[in-house]
Amino acid sequence: MNTTNTKKIGHMFKTLSPNGLTPNDIPELKDFQLTLSSKGSCAEFYHAKEVKSSCVCGIKKISKSENFKKGWDRWKLKDNVKREIQIHSTLDNKYVISLYGYFEDNDNYYLILEDADDDLYYHRLTSAGKFLTLEEKTTLKYIKMVAIGLQYIHNNGIVHKDIKIENLVIRDGDIKIIDFGLSEYINAQVDTFFGTTEYKAPEIGDKAYATKETDIYALGVTTYVLLHGAYPKFPLKFGSYVSKDCEELISRMTNTFGRITLEEFFEVEIIKKIEL
(Lines give C-alpha, C1' and ligand atoms only; values in the text may rest on other atoms or scores of the structure.)
Protein backbone atom coordinates (compact mmCIF):
# COMPACT_ATOMS: atom_id res chain seq x y z
CA MET A 1 0.00 0.00 0.00
CA ASN A 2 1.56 3.26 -1.11
CA THR A 3 0.44 6.35 0.78
CA THR A 4 3.55 8.44 0.12
CA ASN A 5 2.81 12.14 -0.45
CA THR A 6 -0.91 11.49 0.05
CA LYS A 7 -2.84 14.00 2.11
CA LYS A 8 -4.35 12.37 5.18
CA ILE A 9 -8.16 12.43 5.14
CA GLY A 10 -10.32 11.50 8.11
CA HIS A 11 -12.09 12.63 11.25
CA MET A 12 -13.05 11.32 14.69
CA PHE A 13 -16.62 12.12 15.73
CA LYS A 14 -16.21 10.50 19.15
CA THR A 15 -13.30 9.20 21.21
CA LEU A 16 -13.07 5.48 21.86
CA SER A 17 -11.25 6.11 25.12
CA PRO A 18 -9.90 9.11 27.08
CA ASN A 19 -6.45 7.75 26.19
CA GLY A 20 -7.20 7.29 22.52
CA LEU A 21 -7.66 9.31 19.36
CA THR A 22 -9.55 12.59 19.74
CA PRO A 23 -11.52 14.73 17.24
CA ASN A 24 -8.31 16.73 16.77
CA ASP A 25 -6.58 13.64 15.34
CA ILE A 26 -6.82 12.22 11.84
CA PRO A 27 -6.89 8.41 12.21
CA GLU A 28 -4.74 6.15 10.05
CA LEU A 29 -4.57 2.41 9.46
CA LYS A 30 -1.45 2.15 11.63
CA ASP A 31 -3.56 3.30 14.60
CA PHE A 32 -5.44 -0.03 14.62
CA GLN A 33 -4.82 -3.77 14.79
CA LEU A 34 -7.37 -5.58 12.60
CA THR A 35 -8.82 -9.10 12.61
CA LEU A 36 -11.24 -10.03 9.82
CA SER A 37 -14.79 -10.69 11.05
CA SER A 38 -16.92 -11.03 7.92
CA LYS A 39 -17.16 -10.08 4.26
CA GLY A 40 -20.08 -8.45 2.50
CA SER A 41 -20.67 -7.80 -1.19
CA CYS A 42 -19.17 -4.30 -1.05
CA ALA A 43 -17.14 -4.22 2.19
CA GLU A 44 -15.23 -6.19 4.80
CA PHE A 45 -15.79 -5.94 8.55
CA TYR A 46 -13.06 -6.26 11.15
CA HIS A 47 -12.73 -6.51 14.89
CA ALA A 48 -10.09 -3.94 15.74
CA LYS A 49 -8.05 -2.57 18.61
CA GLU A 50 -6.95 1.02 18.85
CA VAL A 51 -3.19 0.81 19.39
CA LYS A 52 -2.95 3.95 21.54
CA SER A 53 -5.64 3.00 24.07
CA SER A 54 -6.08 -0.80 23.52
CA CYS A 55 -9.81 -0.01 23.19
CA VAL A 56 -11.74 -2.38 20.92
CA CYS A 57 -13.82 -1.20 18.00
CA GLY A 58 -15.03 -2.33 14.60
CA ILE A 59 -13.72 -1.30 11.21
CA LYS A 60 -15.69 -1.37 7.96
CA LYS A 61 -13.29 -1.39 5.00
CA ILE A 62 -14.62 -0.40 1.59
CA SER A 63 -12.21 -1.29 -1.21
CA LYS A 64 -11.98 1.27 -3.99
CA SER A 65 -10.58 -1.10 -6.63
CA GLU A 66 -12.96 -3.98 -5.85
CA ASN A 67 -16.00 -1.71 -6.07
CA PHE A 68 -14.72 -0.18 -9.31
CA LYS A 69 -14.65 -3.72 -10.74
CA LYS A 70 -18.31 -4.11 -9.74
CA GLY A 71 -19.35 -1.08 -11.77
CA TRP A 72 -18.93 1.81 -9.34
CA ASP A 73 -17.19 4.80 -10.87
CA ARG A 74 -14.76 6.72 -8.71
CA TRP A 75 -16.98 9.72 -7.95
CA LYS A 76 -20.18 7.75 -7.42
CA LEU A 77 -18.44 5.51 -4.87
CA LYS A 78 -16.97 8.54 -3.13
CA ASP A 79 -20.37 10.26 -3.00
CA ASN A 80 -22.00 7.08 -1.66
CA VAL A 81 -19.44 6.70 1.15
CA LYS A 82 -19.76 10.41 1.93
CA ARG A 83 -23.54 10.05 2.25
CA GLU A 84 -23.14 6.95 4.45
CA ILE A 85 -20.85 8.88 6.80
CA GLN A 86 -23.13 11.92 6.86
CA ILE A 87 -26.16 9.80 7.71
CA HIS A 88 -24.55 7.41 10.19
CA SER A 89 -22.70 10.15 12.10
CA THR A 90 -26.03 11.77 13.08
CA LEU A 91 -27.43 8.61 14.72
CA ASP A 92 -27.16 7.80 18.42
CA ASN A 93 -29.41 5.01 19.63
CA LYS A 94 -29.04 1.89 21.78
CA TYR A 95 -30.08 -0.35 18.89
CA VAL A 96 -27.94 1.30 16.20
CA ILE A 97 -24.20 0.67 16.00
CA SER A 98 -22.23 3.87 16.66
CA LEU A 99 -19.90 5.51 14.15
CA TYR A 100 -16.77 6.90 15.84
CA GLY A 101 -14.89 8.22 12.82
CA TYR A 102 -13.55 7.54 9.35
CA PHE A 103 -10.43 7.80 7.23
CA GLU A 104 -9.20 6.81 3.80
CA ASP A 105 -5.99 5.92 1.99
CA ASN A 106 -5.14 5.21 -1.64
CA ASP A 107 -6.84 1.82 -1.57
CA ASN A 108 -9.78 1.92 0.83
CA TYR A 109 -12.31 3.90 2.83
CA TYR A 110 -12.47 2.96 6.53
CA LEU A 111 -15.33 3.52 9.00
CA ILE A 112 -14.52 3.22 12.71
CA LEU A 113 -17.47 1.62 14.48
CA GLU A 114 -18.63 0.46 17.86
CA ASP A 115 -17.48 -3.14 18.25
CA ALA A 116 -19.95 -6.02 18.31
CA ASP A 117 -19.72 -9.37 20.08
CA ASP A 118 -20.99 -11.29 17.09
CA ASP A 119 -22.81 -11.14 13.78
CA LEU A 120 -26.35 -12.51 14.22
CA TYR A 121 -26.27 -14.38 10.91
CA TYR A 122 -22.89 -16.09 11.32
CA HIS A 123 -23.60 -16.67 15.02
CA ARG A 124 -26.53 -18.91 13.97
CA LEU A 125 -24.82 -20.56 10.98
CA THR A 126 -23.67 -24.17 11.29
CA SER A 127 -20.51 -25.59 9.73
CA ALA A 128 -22.79 -27.21 7.15
CA GLY A 129 -24.14 -23.79 6.14
CA LYS A 130 -27.56 -24.24 7.75
CA PHE A 131 -29.10 -21.33 9.65
CA LEU A 132 -30.29 -22.31 13.13
CA THR A 133 -33.74 -20.92 13.76
CA LEU A 134 -34.76 -19.09 16.93
CA GLU A 135 -37.73 -19.75 19.16
CA GLU A 136 -40.60 -17.31 18.77
CA LYS A 137 -40.08 -15.41 22.02
CA THR A 138 -36.40 -14.74 21.25
CA THR A 139 -37.22 -13.80 17.67
CA LEU A 140 -39.82 -11.25 18.77
CA LYS A 141 -37.45 -9.83 21.37
CA TYR A 142 -34.76 -9.31 18.74
CA ILE A 143 -37.22 -7.88 16.22
CA LYS A 144 -38.62 -5.45 18.80
CA MET A 145 -35.08 -4.14 19.39
CA VAL A 146 -34.57 -3.70 15.65
CA ALA A 147 -37.95 -1.99 15.33
CA ILE A 148 -37.01 0.53 18.05
CA GLY A 149 -33.76 1.29 16.23
CA LEU A 150 -35.56 1.47 12.91
CA GLN A 151 -38.21 3.83 14.26
CA TYR A 152 -35.43 6.09 15.57
CA ILE A 153 -33.80 6.03 12.11
CA HIS A 154 -37.10 6.90 10.43
CA ASN A 155 -37.81 9.67 12.94
CA ASN A 156 -34.50 11.21 11.86
CA GLY A 157 -35.72 11.32 8.28
CA ILE A 158 -33.71 8.32 7.06
CA VAL A 159 -34.54 4.95 5.51
CA HIS A 160 -32.07 2.10 5.92
CA LYS A 161 -32.87 0.19 2.69
CA ASP A 162 -30.96 -2.97 3.63
CA ILE A 163 -32.54 -4.43 6.76
CA LYS A 164 -31.65 -8.15 6.88
CA ILE A 165 -30.12 -10.68 9.26
CA GLU A 166 -26.62 -10.01 7.92
CA ASN A 167 -26.94 -6.36 8.97
CA LEU A 168 -27.81 -7.13 12.58
CA VAL A 169 -25.15 -7.69 15.24
CA ILE A 170 -25.15 -8.70 18.89
CA ARG A 171 -23.57 -6.57 21.61
CA ASP A 172 -24.08 -7.28 25.32
CA GLY A 173 -27.26 -9.20 24.51
CA ASP A 174 -28.78 -6.39 22.44
CA ILE A 175 -29.35 -6.41 18.70
CA LYS A 176 -27.95 -3.46 16.78
CA ILE A 177 -28.47 -2.30 13.20
CA ILE A 178 -25.34 -1.87 11.08
CA ASP A 179 -24.33 -0.89 7.54
CA PHE A 180 -25.79 2.36 6.23
CA GLY A 181 -24.12 1.99 2.85
CA LEU A 182 -27.43 2.08 0.96
CA SER A 183 -29.28 4.41 3.32
CA GLU A 184 -30.71 7.70 2.18
CA TYR A 185 -32.98 10.48 3.32
CA ILE A 186 -36.71 9.86 3.07
CA ASN A 187 -38.11 11.10 -0.26
CA ALA A 188 -34.60 12.12 -1.35
CA GLN A 189 -35.16 10.43 -4.73
CA VAL A 190 -31.48 9.57 -4.93
CA ASP A 191 -30.46 7.00 -7.53
CA THR A 192 -28.97 4.33 -5.29
CA PHE A 193 -29.36 0.57 -5.24
CA PHE A 194 -31.84 -1.24 -3.09
CA GLY A 195 -30.63 -4.01 -0.84
CA THR A 196 -30.90 -7.78 -1.01
CA THR A 197 -33.48 -9.14 -3.46
CA GLU A 198 -35.14 -11.54 -0.99
CA TYR A 199 -35.91 -8.62 1.35
CA LYS A 200 -37.18 -6.27 -1.36
CA ALA A 201 -40.82 -5.21 -1.08
CA PRO A 202 -43.00 -6.12 -4.09
CA GLU A 203 -43.81 -2.49 -4.91
CA ILE A 204 -40.13 -1.67 -5.50
CA GLY A 205 -38.90 -1.36 -9.04
CA ASP A 206 -35.25 -0.96 -9.92
CA LYS A 207 -35.62 2.83 -9.83
CA ALA A 208 -38.14 3.15 -6.99
CA TYR A 209 -37.40 5.55 -4.17
CA ALA A 210 -36.99 4.71 -0.51
CA THR A 211 -39.89 4.61 1.95
CA LYS A 212 -40.45 3.62 5.56
CA GLU A 213 -42.79 0.89 4.33
CA THR A 214 -40.06 -0.93 2.40
CA ASP A 215 -37.96 -1.11 5.59
CA ILE A 216 -40.93 -2.58 7.45
CA TYR A 217 -41.38 -5.22 4.74
CA ALA A 218 -37.70 -6.17 5.09
CA LEU A 219 -38.15 -6.41 8.86
CA GLY A 220 -41.09 -8.77 8.30
CA VAL A 221 -38.96 -10.99 6.04
CA THR A 222 -36.21 -10.93 8.68
CA THR A 223 -38.71 -12.10 11.29
CA TYR A 224 -39.80 -14.97 9.06
CA VAL A 225 -36.20 -16.03 8.36
CA LEU A 226 -35.27 -16.04 12.05
CA LEU A 227 -38.18 -18.42 12.71
CA HIS A 228 -37.86 -20.66 9.65
CA GLY A 229 -34.25 -20.46 8.45
CA ALA A 230 -35.49 -19.79 4.92
CA TYR A 231 -36.89 -16.93 2.87
CA PRO A 232 -40.69 -16.67 2.69
CA LYS A 233 -42.69 -17.66 -0.34
CA PHE A 234 -46.08 -16.15 -0.98
CA PRO A 235 -48.74 -16.95 -0.01
CA LEU A 236 -47.00 -17.36 3.33
CA LYS A 237 -46.76 -20.75 4.98
CA PHE A 238 -45.70 -21.05 8.61
CA GLY A 239 -44.25 -23.80 10.72
CA SER A 240 -46.63 -25.45 13.20
CA TYR A 241 -44.52 -24.00 16.04
CA VAL A 242 -45.37 -20.40 15.05
CA SER A 243 -48.32 -18.91 16.94
CA LYS A 244 -51.33 -17.51 15.09
CA ASP A 245 -50.61 -14.07 16.55
CA CYS A 246 -47.08 -14.16 15.19
CA GLU A 247 -48.33 -15.37 11.80
CA GLU A 248 -50.72 -12.43 11.67
CA LEU A 249 -47.96 -9.96 12.61
CA ILE A 250 -45.59 -11.18 9.88
CA SER A 251 -48.44 -11.13 7.36
CA ARG A 252 -49.23 -7.52 8.25
CA MET A 253 -45.55 -6.55 7.95
CA THR A 254 -45.27 -8.09 4.48
CA ASN A 255 -48.65 -7.06 3.05
CA THR A 256 -48.53 -5.37 -0.32
CA PHE A 257 -51.40 -3.08 0.69
CA GLY A 258 -52.21 -1.75 4.15
CA ARG A 259 -48.83 -2.68 5.58
CA ILE A 260 -48.51 -2.19 9.33
CA THR A 261 -46.71 0.94 10.53
CA LEU A 262 -44.10 0.83 13.28
CA GLU A 263 -46.47 2.73 15.55
CA GLU A 264 -49.06 -0.02 15.03
CA PHE A 265 -46.37 -2.69 15.41
CA PHE A 266 -45.60 -1.60 18.99
CA GLU A 267 -49.32 -1.80 19.87
CA VAL A 268 -49.60 -5.46 18.84
CA GLU A 269 -50.22 -7.50 22.00
CA ILE A 270 -47.45 -10.07 21.49
CA ILE A 271 -44.96 -7.22 21.03
CA LYS A 272 -46.23 -5.27 24.05
CA LYS A 273 -45.64 -8.37 26.18
CA ILE A 274 -41.96 -8.55 25.22
CA GLU A 275 -39.76 -7.02 27.93
CA LEU A 276 -36.35 -5.68 26.98
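Everything here concerns the structure above.
Below is a summary of the structure that appears in this document.

Thresholds, definitions, all that
Residues numbered from 1 in each chain as written. Predicted model: local features only at pLDDT ≥ 70, side-chain atom pairs only at ≥ 80, totals over all residues. Heavy atoms only, no water. Helix = DSSP H or I, 4+ residues; strand = E, 2+ residues; numbered from the N terminus. 1 Å grid on protein atoms, 1.4 Å probe; cavity = no way out; pocket = protein on both sides within 12 Å on 5 of 7 lines; lining within 4 Å. Points joined across faces, edges and corners; volume = space filled by probe spheres on them. Nonpolar A, V, L, I, M, F, W, Y, C, P; charged D, E, K, R; others polar. Axes fitted to C-alpha atoms, helices over the stretch in contact; angles between N-to-C directions. Left-handed = near helix turned anticlockwise from the far one by under 90°. Contact = heavy atoms within 4.5 Å. Phe/Tyr/Trp six-rings, centres within 6.5 Å; stacked < 30°, edge-to-face > 60°. Buried < 20%, exposed > 50% of the residue type's maximum accessible area, 1.4 Å probe, protein only. Expected span 1.5 Å × (residues − 1). Polar contact = N/O pair within 3.5 Å; in protein donor to acceptor, adjacent residues only side chain to side chain. Core = buried A, V, L, I, M, F, W, Y, C linked by side-chain atoms within 4.5 Å. Parallel < 35°, antiparallel > 145°, perpendicular 65-115°, else oblique.

### Regarding unusual backbone geometry
- Cis geometry marks the peptide bond from Phe-234 to Pro-235; its omega dihedral reads 0°.
- The topology assignment puts Pro-235 in the loop between helix H5 (212–228) and helix H6 (244–253).
- Its identity is not glycine, yet Ser-54 carries a phi of approximately 65°, on the positive side.

### Section: the layout of surface pockets
- The space that makes up the largest pocket amounts to roughly 580 Å³.
- Lining of the largest pocket is provided by 30 residues; of these, Ser-41, Cys-42, Ala-43, Asp-162 and Asp-179 occupy positions nearest its centre.
- If you list the elements that add at least two residues to the lining of the largest pocket, you get strand E2 (32–39), strand E4 (56–63) and helix H2 (74–88).
- Element by element, the count of residues in the lining of the largest pocket is highest for H2, at four residues.
- Looking at the second largest pocket, its volume works out to about 270 Å³.
- Forming the walls of the second largest pocket are 19 residues, and the residues nearest its centre are Ser-37, Phe-45, His-47, Ala-116 and Val-169.
- Broken down by secondary-structure element, the contributors of at least two residues to the lining of the second largest pocket are E2, strand E3 (44–50), E4 and strand E7 (118–119).
- Taken together, the residues that form the lining of the second largest pocket break down as nine nonpolar, four polar and six charged.

### Side note on the packing of H5 against H6
- Where H5 meets H6, the closest approach of the two axes is 8 Å, and the angle between their N-to-C directions is 145°. Between H5 and H6 lies a crossing of left-handed hand. Listed contacts from H6 to Ile-216, Tyr-217, Leu-219, Gly-220, Thr-223, Tyr-224 and Leu-227 of H5 are Cys-246, Ile-250 and Met-253.
- Taken together, the residues of the contact of H5 with H6 break down into eight nonpolar, two polar and no charged.

### A word on the packing of aromatic side chains
- Scanning all chains against the criterion turns up eight aromatic pairs.
- With 6.0 Å between their ring centres and 5° between their planes, Phe-32 and Phe-103 make a pair best called stacked. With a gap of 71 residues between them, Phe-32 in strand E2 and Phe-103 in strand E5 (residues 99–104) connect regions that are remote in the sequence.
- Take Phe-32: its relative accessible area is 7%, and that puts it in the buried class.
- Among the residues examined, Phe-103 registers a relative accessible area of 3% and is labelled buried.

### Here's the deal with H2
- Compared with an ideal rise of 1.5 Å per residue, which puts 15 residues at 21 Å, H2 spans 21 Å between its outermost C-alpha atoms and is within 8% of the ideal.
- Against E4, helix H1 (64–69), E5, strand E6 (108–113), strand E8 (158–159) and strand E11 (184–185) lie the buried residues of H2.
- You can read the cap of H2 off the contacts: a side-chain oxygen lies 3.0 Å from the backbone nitrogen of Trp-75, and it is on Asp-73.

### Brief notes about the nonpolar core
- Counting residues in each nonpolar core, the largest one holds 49 residues, and the members touching the most others are Leu-120, Ile-175, Ile-177, Leu-219, Leu-249, Phe-265 and Ile-271.
- Secondary-structure elements contributing two or more residues to this core are helix H4 (136–155), strand E9 (168–171), strand E10 (174–177), H5, H6, helix H7 (262–265) and helix H8 (269–272).
- It is H5 that contributes the most residues to this core, nine residues altogether.
- If sequence neighbours within four positions are ignored, Leu-120 has contacts with Phe-131, Tyr-142, Ile-165, Leu-168, Val-169, Ile-170, Ile-175 and Leu-226.
- Core analysis: the second largest hydrophobic core is formed by 15 residues, Ile-62, Val-81, Leu-113 and Ile-178 among them.

### Thoughts on the packing of H4 against H5
- Between H4 and H5, the least distance of the axes is 10 Å, while the angle of their chain directions is 165°. By the angle class used here, H4 and H5 are roughly antiparallel. For the crossing formed where H4 meets H5, the hand is right-handed. Along the contact surface, H4 presents Glu-136, Thr-139, Ile-143, Val-146, Ala-147, Leu-150 and His-154, while H5 presents Lys-212, Asp-215, Leu-219, Thr-222, Thr-223, Leu-226 and Leu-227.
- Within the contact of H4 with H5, the residues separate by chemical class into seven nonpolar, four polar and three charged.

### Thoughts on H4
- The first and last C-alpha atoms of H4 sit 28 Å apart over 20 residues, in line with the 28 Å expected at 1.5 Å per residue.
- Positioned one or two residues after H4, Gly-157 has a phi angle of 75°, which is positive.

Function cannot be read off these values alone, since they describe shape.
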